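Here are the chains, one letter per residue:
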Amino acid sequence: MLVRFRPLPFFCLLSTKMKKQPYLILAAACVASWPTPCRGIGDRNANTDITFPATLLLQNGGPVIDVKHPPMEGMHVAAGDGVTDDTAAFQDVYDLLKKKYETSGWSMETLFVYIPNGTYLLSDSILYRGAACRWRQQFDICSVNFIGQSRAKTILRLADHAPLFQDKRYPRPVISFQHPDTKFNNSPGSSRLRNLTIDTGNENPGAVGVFFQGANQTDIHNVTIRSDDGSGLYGLCFKIGSVQGYYSDITIRGFDYGIYDTVNAEGNAAFEYLTLERQNLAGVYLSGGGLSLRECSSTQSDHGVTSLKIDGSGPHAVIIDSVLDGGNSRESAIELTKDQQQCLFARNVTVKGYETSVTRNGTIVVQGVSIDEYVSSPAKTLFAAQNGKSLSLPIMPTPQVPWYDPAQWALADDYPSIQAAMDSGKPVVCFKKHSYRLPGDIHVPSSVRFINLLGAELNQGTLVVSDSTPNPLLIQDGKAAVRIDANRDVIERCTSRGIGNPQGIPVTLFLENVNDCATGDNFCRVGQKIFARQIDVEYRNAPQIVVNGGSMWVFGFKTEDSGSAAPFVVKNGGSLEVLGGYVNMCNGLGAPGAQSP
């Protein structure tokens with residue numbers, strides 16, 4: 001990820017059948033017989049219990065830091081008893097991450113902070129101590145990962161009436177992924193927050209649940225953010241760029257604003273399976289960059305506030321397949337505050353308990369109890385015969401692969417042990433080291449369901465999906481090239497290095513926070529389907545995402561180029577629908593041969 005200029009918001013929806021020559025398109029579509037899945041609205045509240053074997057702890061040569069078993073002498077031990085102040089234990093761990101970043105920068109070893117079940121009482125923010133972290137005088141920290149054992153039983157709770165969280169003029173987060181002095185961070189992000197609950201307690205009006213920033217391989221998953229008494233300023237705050245990421249299965253209860261997004265144009269967060277409840281001023285406030293919402297349940301009957309408020313200059317929002325309930329509100333479910341410089345695409349949105357569905361600068365633009373399809377600006381089409389409507393493709397959910405008990409894990413400690421781990425018959429293969437140099441390919445048999453890279457980088461060699469099976473394969477959290485040689489669906493989550501299908505096998509790919517994976521003509525072949533919840537491609541001076549005869553649905557994306565290449569190319573009868581994201585043009589728009597610094 002490099003310095004960017006002139007990020008261009010991506011907001012155009014069309015539908016068309018692609019002819020058998022390449023086209024540069026904004027969004028296109030044509031697809032046959034995709035199954036329509038059963039759909040539930042809002043957070044699915046997965047009951048996942050995450051445990052790690054002791055051999056993966058940092059003190060044993062692995063990438064995991066257990067806050068109850070810290071890796072170094074002198075670090076505080078977290079109690080998790082709901083009585084002891086555990087702030088120092090978390091700050092000690094964050095200081096360790098800071099030290100590693102300042103030493104190694106973007107190439108730092110990816111570490112996972114593991115939080116076992118318990119209630120961890122806090123009196124201050126979870127953040128490193130001291131001044132803003134810098135590497136070579138550049139941007140703030142990256143690769144910050146906090147993973148709870150279980151969402152219901154791993155609770156980070158702010159003490160009631162905490163002195164530092166009383167002033168709304170100076171918002172203070174319970175957990176922060178950036179220093180408050182940071183204005184912009186162009187590091188590759190790769191931060192994660194998963195499987196826990198953030199509780200801002202009682203009588204903390206200046207509290208923010210989570211201050212988040214991250215790009216490329218970034219996510220928040222299976223998380224509750226709540227205020228016990230409904231007070232607090234923001235549940236989830238995006239304040240600085242750059243921001244990408246796929247954020248799923250989240251409940252935010254209370255606060256003035258559930259989600260508060262003021263990121264500059266270099267931001268596009270994609271939310272799916274989101275529940276918002278009992279906000280005081282708005283469910284979602286968007287004043288910069290882009291935001292995509294799907295399967296969002298917003299229940300605002302307590303205060304009757306708007307569910308989605310679009311403010312400022314330049315934001316663009318997408319909301320589909322959602323339910324917005326105002327109780328008995330005189331407000332609009334969705335509000336755009338200006339006539340221009342604000343974009344909204346809404347489709348298949350049910351509105352209940354609001355006086356109007358959509359207003360723009362105080363004028364009603366959608367009245368009824370449902371939004372079939374609304375575009376705030378005139379739709380543009382590639383061909384005259386098109387009707388200006390989106391295709392509204394059926395969307396397949398990502399298959400769920402369980403987190404297996406560590407007794408069913410095979411550990412890959414060095415190169416010779418990787419193939420042996422794959423052939424062990426165990427469903428999980430997990431990586432202990434940060435970097436592996438593979439002199440040859442690694443074959444993944446049908447018995448393997450989950451490849452847990454745990455931040456590992458697999459260099460030179462390729463993971464080859466070599467056995468056909470109806471059971472999908474999940475590859476998560478690391479860098480590995482993947483090649484599909486058999487009929488097996490693949491899920492990639494927070495990964496990079498590329499995935500190819502050279503034989504054109506009609507598989508389905510599910511991509512969540514993948515980076516530089518659209519490998520030319522072998523990426524989306526005839527008969528293949530791809531569901532990209534968030535994809536980031538930065539090839540430069542070459543087509544970034546190529547749909548070569550297959551079908552692709554994109555919920556969120558970011559590309560980077562000098563302006564000399566198409567962000568999307570569709571050819572050989574392929575189909576594409578793109579909803580949210582943005583294009584970064586580096587060193588000006590359309591400058592032939594321009595290079596990013």
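Residues numbered from 1 in each chain as written. Predicted model: local features only at pLDDT ≥ 70, side-chain atom pairs only at ≥ 80, totals over all residues. Heavy atoms only, no water.

**Side note on the overall build of the chain**
So, step 1. In terms of regular secondary structure, the chain is built from 2 helices and 42 strands.
So, step 2. The proportion of buried residues among the 597 residues of the chain is 62%.
So, step 3. Of all intrachain contacts in the chain linking residues separated by at least 6 positions in sequence, the fraction that spans at least 24 positions is 64%.
So, step 4. When the accessible surface of the chain is summed, it comes to about 20700 Å², and 50% of that surface belongs to carbon and sulfur atoms. (Helix = DSSP H or I, 4+ residues; strand = E, 2+ residues; numbered from the N terminus. Buried < 20%, exposed > 50% of the residue type's maximum accessible area, 1.4 Å probe, protein only. Contact = heavy atoms within 4.5 Å. Areas by Shrake-Rupley, 256 points an atom, 1.4 Å probe, with all protein chains shown as cover.)

**A word on the packing of aromatic side chains**
When we look at a pair of aromatic rings, we describe it by the centre distance and by the angle of the planes.
So, step 1. Inspection of the entire model under this criterion finds 25 aromatic pairs.
So, step 2. Ring plane angle 85 degrees and centroid distance 5.6 Å describe the contact between Phe-90 and Tyr-120, whose orientation is recorded as edge-to-face. One end of the pair, Phe-90, is in helix 1 (residues 87-104); the other, Tyr-120, is in strand 6 (residues 118-122), with 30 residues separating them in the sequence. By the burial criterion, Phe-90 is buried, and Tyr-120 matches it.
So, step 3. Measuring from centroid to centroid gives 5.8 Å for Tyr-94 and Phe-146, while their planes differ by 55 degrees, and the two rings are tilted. In this pair, Tyr-94 is assigned in helix 1 and Phe-146 in strand 7 (residues 145-148), connecting sequence segments 52 residues apart. (Phe/Tyr/Trp six-rings, centres within 6.5 Å; stacked < 30°, edge-to-face > 60°.)

**Focus on helix 1**
So, step 1. Counted at 1.5 Å a residue, the expected span for helix 1 with its 18 residues is 26 Å, and the 26 Å between its end C-alpha atoms agrees.
So, step 2. The complete set of buried residues in helix 1 reads Thr-87, Ala-89, Phe-90, Gln-91, Asp-92, Val-93, Tyr-94, Leu-96, Leu-97, Lys-98 and Tyr-101.
So, step 3. Among the residues trailing helix 1, Gly-105 stands out with phi positive, at a value near 65 degrees. (Expected span 1.5 Å × (residues − 1).)

**Here's the deal with the side chain of Thr-398**
So, step 1. One can find Thr-398 in the loop between strand 25 (370-375) and strand 26 (409-412).
So, step 2. If sequence neighbours within four positions are ignored, Thr-398 has contacts with Ile-491, Arg-493, Phe-510, Glu-512 and Arg-533.

**Considerations on the pairing of strand 42 (residues 582-585)**
So, step 1. Residues of strand 42 alternate between two faces, with Tyr-582 and Asn-584 on one and Val-583 and Met-585 on the opposite face, all of them buried.
So, step 2. As judged from the 4 bridges shared by strand 39 (residues 557-561) and strand 42, these two strands associate in the parallel manner. Paired with Thr-559 across the strands is Val-583, a residue of strand 42. (Pairing = 2+ DSSP bridges.)

**Some thoughts on the environment of Gly-130**
So, step 1. With respect to the secondary-structure elements, Gly-130 resides in the loop between strand 6 and strand 7.
So, step 2. Here Gly-130 falls in the exposed class, since its relative accessible area comes to 55%.
So, step 3. Gly-130 sits 35 residues away from Asp-95 along the chain, and the two C-alpha atoms are 9.0 Å apart.
So, step 4. Non-local contacts of Gly-130, meaning those with residues more than four positions away in its chain, are made with Lys-98 and His-179.

**Notes on the pattern of salt bridges**
So, step 1. Taken as a whole and judged by the stated rule, the model has 31 salt bridges.
So, step 2. Of the charged contacts, one joins Asp-124 and Arg-172 as a salt bridge, the two residues approaching to 2.8 Å between their closest N and O atoms. Here Asp-124 is found in the loop between strand 6 and strand 7, whereas its partner Arg-172 is found in strand 9 (residues 172-176), with 48 residues between them in sequence.
So, step 3. The exposure class assigned to Arg-172 is partly exposed, which follows from its relative accessible area of 29%.
So, step 4. The residue Glu-512 makes a salt bridge to Arg-493 at a minimum N-O spacing of 2.8 Å. Within this pair, whereas Glu-512 is found in strand 35 (residues 508-515), its partner Arg-493 is found in strand 33 (residues 490-496), the two being separated by 19 residues in sequence.
So, step 5. Look at Arg-493 and you get buried, because its relative accessible area is 17%.
So, step 6. Through salt bridges with shared partners, one network takes in Arg-157, Asp-160, Asp-199, Arg-226 and Asp-228. (Salt bridge = Lys/Arg side-chain N within 4 Å of Asp/Glu carboxyl O.)

**Quick look at helix 2 (residues 415-422)**
So, step 1. Among the residues of helix 2, Ser-417, Ile-418, Ala-421 and Met-422 are the ones counted as buried. In an axial view of helix 2, the angular spread of the buried residues amounts to 135 degrees, which keeps them on one side of the axis. (Arc of directions from axis to C-beta.)

**Re the sheet that holds strand 15 (residues 257-261)**
So, step 1. In space, the 9 strands of this open sheet follow the order 9-11-13-15-17-19-21-23-24, with mixed pairing throughout. Each having just a single partner strand, strand 9 and strand 24 (363-366) make up the two edges of the open sheet. Each neighbouring strand pair of the sheet contributes to a mean axis angle of 25 degrees, computed without reference to strand direction.
So, step 2. Bridge analysis of strand 17 (residues 282-286) against strand 19 (residues 308-310) gives 3 bridges, and the strand direction is parallel. Across the sheet, the residue bridging to Tyr-285 is Lys-309, located in strand 19. (Axes fitted to C-alpha atoms, helices over the stretch in contact; angles between N-to-C directions.)

Don't take any of this as a statement about function, it's just geometry.
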